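What follows is each chain in one-letter form.
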Amino acid sequence: MTSLLSFVYIYVMFKTNGTFINLVGASGAISLLLGVLAFLDASSRKGLIIAILLMSFAPVAMGVNVAWYAHIIGFALGYFGVKFKVIK
């Protein structure tokens, strides 16, 4: 699901301004698992959110091209998937 929503983002970016974005790796799936953990363990939630934000935007701030949107989408899908009992 993370990859599908990332592809939607890539398609929209390509259609709006011609930007082509590569998508490689499993970081979206790992972020999904971290989202599940953030929901299940309230004591680590704040730290996991900070970790996702740092892992997503620190490389971008340094000029490294990463799929930050896959991290955010994966984390949100994991968190809200468990919250609304889509992921069991």
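Bear in mind the structure is a predicted one, so any value in this text is a computation, not a measurement.

Analysis parameters
Residues numbered from 1 in each chain as written. Predicted model: local features only at pLDDT ≥ 70, side-chain atom pairs only at ≥ 80, totals over all residues. Heavy atoms only, no water. Helix = DSSP H or I, 4+ residues; strand = E, 2+ residues; numbered from the N terminus. Buried < 20%, exposed > 50% of the residue type's maximum accessible area, 1.4 Å probe, protein only. Contact = heavy atoms within 4.5 Å. Areas by Shrake-Rupley, 256 points an atom, 1.4 Å probe, with all protein chains shown as cover. Axes fitted to C-alpha atoms, helices over the stretch in contact; angles between N-to-C directions. Parallel < 35°, antiparallel > 145°, perpendicular 65-115°, else oblique. Left-handed = near helix turned anticlockwise from the far one by under 90°. Nonpolar A, V, L, I, M, F, W, Y, C, P; charged D, E, K, R; others polar. UniProt positions renumbered as here; feature names shortened; annotations may be inferred. Expected span 1.5 Å × (residues − 1).

(A) Representation of the overall build of the protein chain. Counting secondary structure elements, the protein chain contains 4 helices and 0 strands. Helices (α) and strands (β) of the protein chain occur, in sequence order from the N terminus, as α-α-α-α. Principal axes of the C-alpha set define a box for the protein chain whose edges measure 40 × 30 × 20 Å. Burial analysis of the protein chain (88 residues in total) assigns 27% to the buried set. Within the protein chain, counting contacts between residues at least 6 apart in sequence, those at least 24 apart form 59% of the total. About 5800 Å² of surface is accessible on the protein chain, with carbon and sulfur atoms providing 73% of the total.

(B) Representation of the packing of helix α1 (residues 2-17) against helix α4 (residues 68-83) within the structure. Contact geometry for α1 and α4: axes closest at 9 Å, N-to-C directions at 140°. In this view, α1 runs oblique relative to α4, as classed from their interaxial angle. Crossing angle aside, the handedness with which α1 passes α4 is right-handed. Taken together, the residues of α4 that come into contact with α1 (itself represented by Thr2, Leu5, Ser6, Tyr9 and Ile10) are Trp68, Tyr69, Ala70, Ile73, Gly74 and Leu77. Considering only residue class, the contact of α1 with α4 consists of 8 nonpolar, 3 polar and no charged.

(C) Here's a closer look at the UniProt feature "transmembrane region" (unreviewed entry) in the protein chain. UniProt tags residues 20-40 and 47-62 as "transmembrane region" (unreviewed entry). As annotated, residues 20-40 comprises 67% helix and 0% strand, and the C-alpha atoms at either end are separated by 36 Å. Its end C-alpha atoms 22 Å apart, residues 47-62 is made of 94% helix and 0% strand.

(D) The arrangement of α4 in detail. Between its first and last C-alpha, α4 extends 23 Å over 16 residues, near the 22 Å set by a 1.5 Å rise per residue. Where α4 is concerned, the buried positions are Tyr69, Ala70, His71, Gly74, Phe75, Gly78, Tyr79, Gly81 and Val82. Among the structural elements, α1, α2 (27-40) and α3 (45-61) are those in contact with the buried residues of α4. Within two residues after α4, Lys85 carries a phi angle of roughly 60°, on the positive side.

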